[in-house]
Amino acid sequence: MYVISSGVVEGIIADRFGKRGEQFGPGEVPTYSLPLQICEPPQGTQSYALVLEDRDAFAVTPGFSWIHWTAANLQRDFLEENESVSARDFVQGVNSWISEGLPLEDCTGYGGMAPPDCPHQYELRVYALDCLLPLEQGFLYGELYRAMEGHLLDSCALRGWYRA
């Protein structure tokens, strides 16, 4: 299994998916989400989950990586650009923008890249699962991983850099 995105070209994430984009939510959080295509999933895949994480954020946060997007119960092998905002056929979790004091509902879904100090590398990890997960819109990061226990068929990652 592997994942590709037309929003990541030669290891660089296009400006429109982060702080140099044109679509923002409350708190000026970038909300225009990456497209993706999941290729060659394992037999028995019933759904996908995903996590978009910035581990380079550790240096500029109080010691944690930054979760930009979590989603679960995706039953198709693709997402178009901006489907974090428009699609209703999967559930999305809370991102780390909640640490900025924004309400839970404003931090559910895609919260794009905004590295303050230098280019950061982001990892989009996709999980193939043998079931739908018992999660609701606004789930927490830890709830996703607990729900996936015993249901993981495969995973893959796509990495890209976004400039400061």
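All values derive from a computational prediction rather than experimental measurement.

Rules used throughout
Residues numbered from 1 in each chain as written. Predicted model: local features only at pLDDT ≥ 70, side-chain atom pairs only at ≥ 80, totals over all residues. Heavy atoms only, no water. Helix = DSSP H or I, 4+ residues; strand = E, 2+ residues; numbered from the N terminus. Rg over C-alpha atoms; globule rule 2.2 N^0.38 Å. Buried < 20%, exposed > 50% of the residue type's maximum accessible area, 1.4 Å probe, protein only. Contact = heavy atoms within 4.5 Å. Lys, Arg positive; Asp, Glu negative; His and termini not counted. Charge placed at Lys NZ, Arg CZ, Asp CG, Glu CD. Polar contact = N/O pair within 3.5 Å; in protein donor to acceptor, adjacent residues only side chain to side chain. Salt bridge = Lys/Arg side-chain N within 4 Å of Asp/Glu carboxyl O. Pairing = 2+ DSSP bridges. Core = buried A, V, L, I, M, F, W, Y, C linked by side-chain atoms within 4.5 Å.

Time to look at the overall build of the protein. Helices and strands together make up the secondary structure of the protein, namely two helices and ten strands. Order of helices (α) and strands (β) in the protein, N terminus to C terminus: β-β-β-β-β-β-β-α-β-β-α-β. Expected size for 164 residues packed as a compact globule is a radius of gyration near 15 Å; at 15 Å, the protein falls within 12% of this value. In terms of its C-alpha atoms, the protein occupies a principal-axis envelope of roughly 40 × 35 × 30 Å. Looking at the protein residue by residue over its 164 residues, the buried ones come to 50%. Sequence separation of 24 or more characterises 72% of the internal contacts of the protein that already satisfy a separation of 6 or more. Positive and negative charge centroids in the protein, built from 10 and 23 side chains respectively, lie 4 Å apart.

Glancing now at the environment of His151. Within the fold, His151 resides in the loop between helix H2 (141–148) and strand S10 (152–162). Of the residues examined, His151 reaches a relative accessible area of 27% and is grouped as partly exposed. Linking His151 and Leu132, residues 19 residues apart in sequence, is a C-alpha distance of 9.3 Å. Other than its neighbours up to four places away in sequence, His151 contacts Ala128, Leu129, Asp130 and Cys131. Here the side chain of His151 touches Asp130 through a polar contact of 2.8 Å, side chain to side chain.

On to the pattern of salt bridges. For the structure on display, the rule yields nine salt bridges. Residues Glu123 and Arg55 are paired through a salt bridge, measuring 3.1 Å at the closest nitrogen-oxygen approach. Taken together, the positions of Glu123 in strand S9 (residues 120–129) and Arg55 in the loop between strand S5 (47–54) and strand S6 (66–74) put the pair 68 residues apart, joining distant regions of the chain. Judged by relative accessible area, Glu123 falls into the buried class, the value being 6%. Among the residues examined, Arg55 registers a relative accessible area of 48% and is labelled partly exposed.

What follows covers the side chain of Asn82. Along the chain, the position of Asn82 falls in the loop between strand S7 (78–79) and helix H1 (83–86). Not counting residues within four places of it along the chain, the set of residues in contact with Asn82 comprises Gln23, Thr31, Tyr32 and Ser33.

On to the environment of Ala147. Turning to its location among the elements, Ala147 is positioned in helix H2. Take Ala147: its relative accessible area is 16%, and that puts it in the buried class. Here the alpha-carbon distance between Ala147 and Leu135, two residues twelve residues apart in the chain, equals 7.8 Å. Apart from residues no more than four positions distant in its own chain, Ala147 is found in contact with Leu133, Pro134 and Leu135.

Our focus in this paragraph is the pairing of S5. Regular strands place side chains that alternate from one sheet face to the opposite one. Of all eight residues that make up S5, eight are buried, and the element is covered over most of its length. Covered by surrounding structure in S5 are Ser47, Ala49, Val51 and Glu53 together with Tyr48, Leu50, Leu52 and Asp54, the residues of both alternating faces. With eight bridges connecting them, S5 and S9 associate as antiparallel partners. Residue Tyr48 lies in a different strand from S9, and its bridge partner there is Ala128.

All right, on to the nonpolar core then. Residues Val3, Ile13, Leu34, Leu50, Leu52, Met113 and Val126 are the most contacted members of the largest nonpolar core, which totals 27 residues. Those elements that place two or more of their residues in this core are strand S4 (36–39), S5, S6, S9 and S10. Here the element with the most residues in this core is S9; it accounts for four residues. Ignoring anything within four residues of it in the chain, the contact list for Leu50 reads Leu36, Trp69, Thr70, Ala71, Leu79, Leu124, Arg125, Val126 and Leu144. Ala72, Leu129, Cys131 and Phe139 belong to the second largest nonpolar core, which has 14 residues in total.

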